[in-house]
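Each chain, letter by letter, is given below.
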Amino acid sequence: MAAHNLGTELDLSWISKVQVNHPAVLRRAQQVQARRTVKKEWQAAWLLKAVTFIDLTTLSGDDTSSNVQRLCYKAKYPIREDLLKALNMHDKDITTAAVCVYPARVCDAVRALKAAGCNIPVASVATGFPAGQTHLKTRLEEIRLAVEDGATEIDVVINRSLVLTGQWEGSDFIKTSTGKETVNATFPVAIVMLRAIRDFFWKTGNKIGFKPAGGIRSAKDALAWLSLIKEELGDEWLKPELFRIGASTLLSDIERQIYHHVTGRYAAYHDLPMS
Amino acid sequence: MAAATRTAPRAREIFTTLEYGPAPESHACALAWLDTQDRHLGHYVNGKWLKPERRNSVPCQDPITGENLASCLQAQAEDVAAAVEAARTALENWSTLPGARRAQHLTRLAKMIQKHQRLLWTLESLVTGRAVREVRDRDVPLAQQLLQYHAVQAHTQEEALAGWEPMGVIGLIVPPTFSFLEMMWRICPALAVGCTVVVLVPPASPAPLLLAQLAGELGSFPGILNMISGPTSLGPVLASQPGVQKVAFCGAVEEGRTLRRTLAGQGLELSLALGAESLLLLTEAADVDSAVEGVVDATWSDRSQGGLRLLIQESVWDETMTRLQARMGRLRVGRGLDGAVDMGARGAAARDLAQRYVHEAQSQGAQVFQAGDVPSDSPFYPPTLISDLPPASPCAQTEVPWPLVVASPFRTAKEALAVANGTPRGGSASVWSERLGQALELGYRLRMGIVWINAHGLRDPAVPTGGCKESGSSWHGGPDGLYEYLRPSGTPARQPSLSENLNYDTFGLAVPSTLPAGPETGPSSAPPYGLFVGGRFQAPGARSSRPIQDSHGNLHGYVAEGGAKDIRGAVEAAHQAAPGWVGQSPGARAALLGALAAALERRESALAARLERHGVELSVRRLRAWGARAQAQGHTLQVAELRGPVLRLREPLGVLAIVCPDEWPLLAFVSLLAPALAHGNTVVLVPSGTCPIPALEVCQDVATLLPAGLVNVVTGDRDHLTRCLALHQDVQALWYFGSVQGSQFVEWASAGNLKPVWVNRGLPRAWDQDAEGAGPELGLRAAQTKALWLPMGD
């Protein structure tokens, strides 16, 4: 995680001056996906990079220690070793950026990662995820307990009733959505958020991180997100300290594409280990 | 299975740098197609390749590698003649088909393009150097949409365009910098309404030839679309072929001017679409990041052919420049066939033009900023931003070339309008402001053919696209695009009426002196003596008069002898009256025309005694009819994939000069005056030469009923007054009904400010018939179209 956002004096004039033209942003969102593409080695390298941005996530009501354990193992070994060797990337220690679980599963995740012998951070959603509509007291307690259990990153659901009434909160990292909404990470929304991050950086020198979550399932999507960050914020934001992708099934599609790149064949379902 | 051996040596480095790599689009199919022609391209005429012997050929080169791709024939006059002949033959059948059959054929061509789209886009990108993404994702789909839209128009033609007929063979001249899409914008409406086309394509542009081949391979109607490959200098040869009714030219302003002069008096219609510069107006209420993307769309995405003039409100100047420069740093320039570049190369000529402009701007004190990921080898030119160019420097007046953006500040919206409208160009512009009122105010008041609000460069087949002022007043797309290739049914076909020995330097220069000619026999109730200028009768500058004879050859009376200074005064008066008249609602204008009609009715008995039968009654009816028609003006268009409307506005031309015919001295005068006023123009008229008194009598009522300066009537020597009006740079349009020579002179002289002109070429017109005296043609000519795009979103 990057240095904390120490914050600035709240200056609501920044927000009132912001102009966003919706149709123009929609057009930009279409263009940014159509105007950049990476192929061959570039695609393989970009996909491996994308792996290192993934917050490998399981947020199901029926999560248990066994599937959390499997998730953690996949986080440590996201791509088949022989594929990495073929790309001469086996010594780069490619893991996902973090695993992301419910607070009650933090213990399981920390234990599993320790057993696998790695220091991938455990992130936990907290504070009445996904609605955030619980008391401040219990929300704070939830965070405290998750940290106590070993979570080093907390995805806080902000109190949206405060936002809608113009009472803003600060943050080190901003996330598009919980991933549990009907509409989650979309390009138009991301463009507006990224421009806000850039403006904040230009004004204060603080770099705020960005995490799209929900609906990012294909390798192609991941590449588009990477090029969106590269185009709107620049290369300095393309590191796990400042950019994460919240996803659960994305990793297997990336592995599938890497498999194809290396072997020239499309993988069968059983060729790749499940997560 | 174990991982095989296809290794990627560079993946390690790329993993660290996260750079973009090459994303080449294979152009094998384009080369294979060129091979089918043995790398030797001819013309495509009457559904067949035409490769005549003993012609010069020019190489068609890859603009980036310089590799020779093929050789292309240079046409000679006889090739052009053969193509026009084919088009004439095809016209007989094509123009008489039911619209539904033509619609079917256009739809088949759209499908044909769909089947061979990869070939089309790779060939176009390979040869022009433009980014393949733009050709593939925009031009090719738009070409198909154009065909489909115009197929629908053909389908409804008999009903929707009753009273109009196809002009005939259309000659189209496309200069080297334009893409095949520009050609499609003009071919589609022409074919849809039943015209056939001969296109003079610049040599070494195979994509149009491929399109012609695709059309030819549909089997039926081979001669409707013919391509001749040759230099623009063959344009006059194409125009002079018998049977060609209209020439449509797009290209540089000066070339258009020259062509206008060359074709004067040849009896054909000429439409011009000139220049490629665009304008972007960025206010302090804009979403600046989105506006910066608008700049990219306008200039640095291989979408348009020209550069951009960027007007930025002073209060957001620094912020905008910072964002713009940061954005420029992320642009990628490279081989057009790379799927991940923003800009390709446009060949040596375009690069040199940009280079020269930049050097000149620097020498005149401008700041130049260049950025982007640009290969260092020669064919590429980087995205360039020029600022601090002194407004009075020569560079600031010339057209901005691709891929340059010239930024200058403005203080208030009012000043922005003054700057934006203070150029001879009137093509396209965008306005960026989140304040609705301001955006609409600017959008309406910019004198441009197309205005986008908070967007730039959107196109759709249903929306007319064109310009005004020196950008040429031709239109393509939408209903206006169809009328470009139609004429009222029964219009006589082109008759060559060229006077080779007409001396443009002396035509109408001198005014013959007039002397007292005996006692006046006219009635004592004659209108006041003088020219009607600025709402009152004034003595002419020359202080001399001309005698008017009655039908028996007796001296009827004298009218004032107007001259250059009187024309100047009249045009000034008309300009002063213009803002007030434009600001009136159509209803208010109709009411005033109605009042004038009533006044005319009261004079009926006095006028009818010495005028044509029915003339007065018809005149009264014309005034009322046009007043009513002016109520139904522009309309709203619905566009696919755009949320929000596009307004098709019908705006006044400005100061319209009208030289009335000698015949029907009252009726023709009123028939021309009424549509001009109804559409919001202010006018300077030259009445009938033989019988100017009735017009002056109407002026007595005009003086009491209409605002001063709205109508100005100057009597005098017609040739002399025509000369003064045609050469006046601040007259926005001119209608001329007079001699063959006068028509030719008007066409020639209009090249000065490229004002739209309407001339009768010495042919009489049946002013007492509704079709010719009050037909929709007058309404079309009395106003200009403007498309205002209003995308919406919260």
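Counting of residues starts from 1 at the beginning of each chain's written sequence and follows it residue by residue. Chain letters and ligand numbers both follow the written order, the letters beginning at A and the numbers at 1. Selection of residues for local features in this predicted model requires a pLDDT of at least 70, selection of side-chain atom pairs for listing and counting requires 80 or more, and totals for whole chains, interfaces and linings are taken over all residues. In computing side-chain values, all of the structure's heavy atoms are included and hydrogens and water are not.

**Q** Would you mind going over the overall build of chain A in detail, with residue names and values included?
**A** The helix and strand labels rest on DSSP assignments: H or I over at least four residues marks a helix, E over at least two residues marks a strand, and numbering proceeds from the N terminus. Summing up its helical and strand segments, chain A has 11 helices and 7 strands in all. Projecting the C-alpha coordinates of chain A onto the three principal axes gives extents of approximately 55 × 45 × 35 Å. Buried, partly exposed and exposed residues are distinguished by accessible area as a fraction of the type maximum, computed with a 1.4 Å probe on protein chains only: under 20%, between the cut-offs, and over 50%, respectively. The burial tally for chain A puts 51% of its 275 residues in the buried class. Two residues form a contact once any of their heavy atoms are found within 4.5 Å. Taking all contacts inside chain A whose residues are at least 6 apart in sequence as the whole, residues at least 24 apart take part in 74%. Areas reported here follow the Shrake-Rupley algorithm with a probe of radius 1.4 Å; residue values treat only the protein chains shown as occluding. Within the structure as shown, chain A displays about 12900 Å² of accessible surface, and the carbon and sulfur contribution to it stands at 54%. Treating the 35 positive side-chain charges of chain A as one cloud and the 30 negative ones as another, the clouds have centres 5 Å apart. Positive residues here are Lys and Arg, negative ones are Asp and Glu, while His and the chain termini are left out of the count. Positions of charges follow a simple convention, taking NZ of Lys, CZ of Arg, CG of Asp or CD of Glu.

**Q** Can you lay out the overall build of chain B for me, pointing to particular residues and giving the numbers?
**A** On a plain count of helices and strands, chain B comes out with 28 helices and 33 strands. Whereas a compact globule of 794 residues would reach a radius of gyration of roughly 28 Å, chain B reaches 28 Å, a difference of no more than 12%. Dimensions of chain B, computed from the C-alpha atoms along their principal axes, are close to 115 × 60 × 45 Å. Split into buried and exposed, the 794 residues of chain B put 60% on the buried side. Here the analysis covers contacts within chain B between residues at least 6 apart in sequence; of these, 75% occur between residues at least 24 apart. As a reference, a globule follows 2.2 Å times the number of residues to the power 0.38, and the radius of gyration itself is taken over C-alpha atoms.

**Q** Which residues make up the sheet that holds strand 26 (residues 635–637) of chain B, and what are the values?
**A** Residues and elements named next belong to chain B. In this scheme, strands are said to pair when DSSP sees at least two bridges between them. Strand order across the open sheet formed by 10 strands is 14-15-16-13-12-17-18-33-27-26, with mixed pairing between neighbours. Looking at the sheet topology across the chains shown, the edges are occupied by strand 14 (367–370) and strand 26. For this sheet, the mean angle separating the axes of adjacent strands, direction not counted, is 25 degrees. Of the strand pairs in this sheet, strand 17 (residues 428–432) and strand 18 (residues 450–453) are connected by 4 bridges, and their pairing is parallel. Paired with serine 428 across the two strands is isoleucine 450, which belongs to strand 18. Whenever a helix is involved, its axis is fitted only over the stretch in contact; in every case the axis is a line through C-alpha atoms, and angles between N-to-C directions fall within 0 to 180 degrees.

**Q** Explain the confidence of the model for chain B to me, and be specific about the residues and the numbers.
**A** All names here are of chain B. Per-residue confidence from the predictor is reported as pLDDT, a score between 0 and 100. In the predicted model, chain B carries a mean pLDDT of 93, and the fraction of residues at 70 or more is 98%. Scored below 50 in pLDDT, residues 1–8 shows 25 contacts in the model against residues more than four places distant or in partner chains. The ipTM assigned to the predicted complex is 0.93, against a pTM of 0.95.

**Q** Let's hear about the pattern of salt bridges: which residues, and what values?
**A** Put simply, a salt bridge is a Lys or Arg side-chain nitrogen that is within 4 Å of an Asp or Glu carboxyl oxygen. For the coordinates displayed, the defined rule picks out 67 salt bridges over all chains. With its nearest N and O atoms 2.7 Å apart, the salt bridge here joins A:Glu255 to A:Lys74. Here A:Lys74 lies in helix 4 (residues 65–76) and A:Glu255 lies in helix 11 (residues 250–263), a separation of 181 residues in the sequence. Summarising the burial analysis for this pair, A:Glu255 and A:Lys74 share the class buried. A salt bridge links B:Arg10 to B:Glu19, with the nearest nitrogen and oxygen atoms 3.0 Å apart. Because the salt bridges share partners, they merge into one network encompassing A:Asp55, A:Glu153, A:Asp155, A:Lys175, A:Lys211 and A:Arg244.

**Q** Outline helix 13 (residues 317–329) of chain B, supporting the account with residue identities and numerical values.
**A** The α-helix winds at 3.6 residues per turn, so residues separated by three or four positions along the chain end up facing the same way. Expected helix span is taken as 1.5 Å per residue step, with the number of steps being one fewer than the number of residues. Taking 1.5 Å of rise per residue, the 13 residues of helix 13 of chain B would be expected to cover 18 Å, and the 18 Å separating its terminal C-alpha atoms lies within 8% of that figure. Buried within helix 13 of chain B are the following residues: B:Trp317, B:Thr320, B:Met321, B:Arg323, B:Leu324, B:Arg327 and B:Met328.

**Q** Can you explain the UniProt feature "active site" (unreviewed entry) in chain A? Please cite residues and give values.
**A** All names here are of chain A. UniProt positions are given in the numbering used here, feature names are shortened, and annotations may be inferred rather than shown by experiment. The UniProt entry lists Lys175 and Lys211 under the feature "active site" (unreviewed entry), expressed in the numbering used here. Over a stretch of 37 residues, the named residues converge on one spot in the fold, their C-alpha atoms separated by at most 4.5 Å. The residue lysine 175 is located in strand 5 (residues 173–175) in this model. Lysine 175 gets classed as partly exposed once you look at its relative accessible area, which sits at 24%. When neighbours within four sequence positions are excluded, lysine 175 is seen to be in contact with Val125, Asp155, Met193, Lys211 and Ala213. Among the polar contacts listed, one links the side chain of lysine 175 to the side chain of aspartate 155, at a separation of 2.8 Å. Its relative accessible area of 3% is what places lysine 211 among the buried residues. Apart from residues no more than four positions distant in its own chain, lysine 211 is found in contact with Asp55, Cys100, Asp155, Phe173, Ile174, Lys175, Thr176, Arg244 and Gly246. A distance of 2.7 Å separates a polar atom in the side chain of lysine 211 from a polar atom in the side chain of aspartate 155. Two N or O atoms form a polar contact when they lie within 3.5 Å of each other; inside protein one atom must be a possible hydrogen donor and the other a possible acceptor, and for residues adjacent in sequence the pair counts only when both atoms belong to side chains.

**Q** Talk me through the packing of aromatic side chains; I want residue IDs and the actual numbers.
**A** Residues and elements named next belong to chain A. Two rings belonging to Phe, Tyr or Trp (six-membered ring only in the last case) form a pair when the distance between their centres is within 6.5 Å. Interplanar angles under 30 degrees mark stacking, angles over 60 mark edge-to-face geometry, and anything in between is tilted. Counted according to the given criterion, the structure contains 20 aromatic pairs over all chains. On the basis of an interplanar angle of 65 degrees and a centroid distance of 5.1 Å, the ring pair of phenylalanine 53 and phenylalanine 243 is categorised as edge-to-face. Here the residue phenylalanine 53 occupies a position in the loop between helix 3 (40–51) and strand 1 (54–57), and phenylalanine 243 occupies one in the loop between helix 10 (219–232) and strand 7 (245–247), the gap between them amounting to 190 residues. Judged by its relative accessible area of 0%, phenylalanine 243 is buried.

**Q** Explain the interface of chain A and chain B to me, using residue names and the numbers behind them.
**A** Counting residues at the interface gives 54 residues for chain A and 54 residues for chain B. Here chain A meets chain B over a buried area of about 4600 Å², counting both sides, of which 52% is carbon and sulfur. The largest contributions to the chain A side of the interface with chain B come from A:Arg35, A:Arg36 and A:Trp42, which together make up 16% of the buried area. Across the contact surface, chain A and chain B share 6 salt bridges. Simply put, the buried area is the total loss of 1.4 Å probe accessible area from both parts when two parts are fitted together.

**Q** Describe empty space enclosed by the protein, listing the residues and the values that go with them.
**A** The distinction between a cavity and a pocket rests on a 1 Å grid over the protein atoms alone: a 1.4 Å probe fits inside a cavity but cannot get out, while a pocket stays open yet meets protein on both sides within 12 Å along at least five of seven lines, and a residue with an atom within 4 Å of a point counts as lining. Grid points are joined across faces, edges and corners, and a volume is the space filled by probe spheres set on the points. Tallying each qualifying case throughout the model produces 10 cavities of 30 Å³ or more. The space that makes up the largest cavity amounts to roughly 650 Å³. The wall of the largest cavity is formed by 44 residues, among which B:Glu182, B:Gly275, B:Gln305, B:Ser428 and B:Arg459 lie closest to the centre. Mapped onto the lining of the largest cavity, the elements with two or more residues apiece are helix 6 (132–155), helix 8 (180–193), strand 11 (269–274), helix 12 (288–299), strand 18 and strand 19 (465–466) of chain B. Looking at the lining of the largest cavity, its residues break down into 13 nonpolar, 18 polar and 13 charged. Roughly 130 Å³ of internal volume is contained in the second largest cavity. What lines the second largest cavity is simply A:Arg28, A:Arg195, A:Arg198, A:Glu231, A:Glu232, B:Asp289, B:Val292, B:Glu293, B:Arg323, B:Ala326, B:Arg327 and B:Arg330. For the lining of the second largest cavity, the elements supplying multiple residues, two or more each, are helix 9 (187–204) and helix 10 of chain A together with helix 12 and helix 13 of chain B. Gly is placed with the polar residues, together with every amino acid not listed as nonpolar (Ala, Val, Leu, Ile, Met, Phe, Trp, Tyr, Cys and Pro) or charged (Asp, Glu, Lys and Arg).

**Q** Summarise the packing of helix 16 (residues 413–421) of chain B against helix 17 (residues 436–445) of chain B; cite the residues concerned and give the values.
**A** Residue and element names in this part refer to chain B. Direction vectors running N to C along helix 16 and helix 17 enclose 25 degrees, while the axes themselves pass 10 Å from each other. Taken together, the axis directions place helix 16 and helix 17 in an arrangement best described as roughly parallel. You can see that helix 16 and helix 17 cross each other, and the crossing is right-handed. Side by side, helix 16 and helix 17 meet where Ala413, Leu417 and Asn421 of the first sit next to Gln438, Leu442 and Arg445 of the second. A breakdown of the residues in the contact of helix 16 with helix 17 according to their chemical character gives 3 nonpolar, 2 polar and 1 charged. Orientation categories follow fixed angle ranges, with anything under 35 degrees roughly parallel, anything over 145 roughly antiparallel, 65 to 115 roughly perpendicular, and all other angles oblique. Each helix crossing is assigned a hand: it is left-handed if the near helix lies turned anticlockwise from the far helix by less than a right angle, otherwise right-handed if that turn is clockwise.

**Q** Please set out helix 9 of chain A residue by residue, giving values where relevant.
**A** Residue and element names in this part refer to chain A. Here helix 9 spans 25 Å end to end across 18 residues, near enough to the 26 Å set by a 1.5 Å rise per residue. Of all the residues in helix 9, the buried ones are Phe187, Ala190, Ile191, Met193, Leu194, Arg195, Ile197, Arg198 and Phe200. With its phi angle positive at about 80 degrees, glycine 205 sits one or two positions after the end of helix 9.

**Q** Describe unusual backbone geometry, with residues and values.
**A** The step from A:Phe129 to A:Pro130 runs through a cis peptide bond, and the omega angle for that step is 0 degrees. By secondary structure assignment, the location of A:Pro130 is in the loop between strand 3 (122–126) and helix 7 (136–148). With an omega of -10 degrees, the peptide bond running from B:Trp402 to B:Pro403 counts as cis. Inspection of the secondary structure puts B:Pro403 in the loop between helix 15 (394–397) and strand 16 (404–410).

**Q** Account for the pairing of strand 12 (residues 278–282) of chain B, naming residues and giving values.
**A** Residue and element names in this part refer to chain B. Across the 5 residues of strand 12, 5 count as buried, placing the element largely inside the fold. Alternating positions in strand 12 separate into two faces, Ser278, Leu280 and Leu282 on one and Leu279 and Leu281 on the other, with burial throughout. Looking at chain direction, strand 12 and strand 17 are connected through 5 bridges and run parallel. Along strand 17, the bridge assignment pairs leucine 281 with valine 431. Relative to strand 13 (residues 308–313), strand 12 runs parallel, the two sharing 5 bridges. Paired with leucine 280 across the strands is leucine 310, a residue of strand 13.

**Q** Give me the lowdown on the side chain of B:Thr384, citing residues and values where you can.
**A** When you line up the elements, B:Thr384 lands in strand 15 (residues 384–387). If we skip the residues at most four places from it in the chain, B:Thr384 touches B:Trp300, B:Met328, B:Val358, B:Val368, B:Phe369, B:Gln370, B:Pro403, B:Leu404 and B:Val405.

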